[in-house]
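A structural walkthrough
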Amino acid sequence: MNEYGTLHESNGRYALRFERYFPYQREEVFRVITTPSVFSQWYPFATGEMDLRPGGKIAMDDGEGSTYEAVITELKKPHTFEFREMDDLLQISLLEEGEGCQMIFTHIFDENELAMYVAAGWHRCLDALDLLVNGQPVEWKDNAVELREYYKEAF
């Protein structure tokens with residue numbers, strides 16, 4: 001299975017799409033993804049404060065003095081978690097597949113010039129999420145440079 005993201009253009013915007021398979025039922029993975037204390041371990045700038053309902057807020061802090069809120073636009077257990085962060089839309093869908101589930105993670109944004117950096121960042125975050133779903137502690141690999149090079153070539 002290819003864990004690398006793909007870039008698609010749609011209506012003048014860009015969508016980065018990643019697919020990851022988990023050997024767990026959707027309900028289990030959904031619970032991990034939407035648990036605030038776990039979300040803040042893999043999602044950049046998340047503080048762990050979130051109101052899990054459509055229209056609910058997710059508190060963010062960039063660590064450099066800026067705080068802001070993402071807004072949950074769709075929340076359907078056990079398969080859809082979607083929210084708007086600034087002008088970007090983040091979609092996480094869980095599809096039944098075999099004994100487990102396939103996660104489709106999509107980030108829709110405007111700036112194509114940043115795509116290789118955004119893709120490398122999400123790749124690393126999703127690697128961390130993979131560890132969390134599997135009950136392992138997060139270890140951030142030192143692979144950002146290689147990932148940026150890969151995505152620079154790919155896009």
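In this text the structure is predicted, and so the values were computed from the model without any measurement. (Residues numbered from 1 in each chain as written. Predicted model: local features only at pLDDT ≥ 70, side-chain atom pairs only at ≥ 80, totals over all residues. Heavy atoms only, no water.)

Here we look at the nonpolar core
- Counting 42 residues, the largest nonpolar core has W42 and F81 as the members making the most contacts within it.
- For this core, the element with the highest residue contribution is helix α3 (residues 115–133), accounting for eleven residues.
- Look past the residues within four positions of W42 in its chain and what remains in contact with it is I33, I92, F105, W122, C125, L126, A128, L129, L132 and W140. (Core = buried A, V, L, I, M, F, W, Y, C linked by side-chain atoms within 4.5 Å. Buried < 20%, exposed > 50% of the residue type's maximum accessible area, 1.4 Å probe, protein only. Helix = DSSP H or I, 4+ residues; strand = E, 2+ residues; numbered from the N terminus. Contact = heavy atoms within 4.5 Å.)

Topic: the confidence of the model for the protein chain
- On average, residues of the protein chain score 95 in pLDDT, and 99% of them reach the 70 mark or higher.
- Mean pLDDT across the secondary structure elements of the protein chain bottoms out at strand β1 (residues 6–10), with 93, and peaks at strand β6 (residues 80–85), with 98. (pLDDT = per-residue confidence, 0-100.)

A word on a negative patch on the surface
- Judged by side-chain charge, D142, E146, E149 and E153 come together as a negatively charged surface patch.
- Residue position: E153 is located in helix α4 (residues 144–154).
- Given the relative accessible area of 67%, E153 is considered exposed. (Patch = residues over 30% accessible without salt bridge, like charges linked within 9 Å, V, L, I, M, F, W, Y side chains within 5 Å. Areas by Shrake-Rupley, 256 points an atom, 1.4 Å probe, with all protein chains shown as cover. Salt bridge = Lys/Arg side-chain N within 4 Å of Asp/Glu carboxyl O. Lys, Arg positive; Asp, Glu negative; His and termini not counted. Charge placed at Lys NZ, Arg CZ, Asp CG, Glu CD.)

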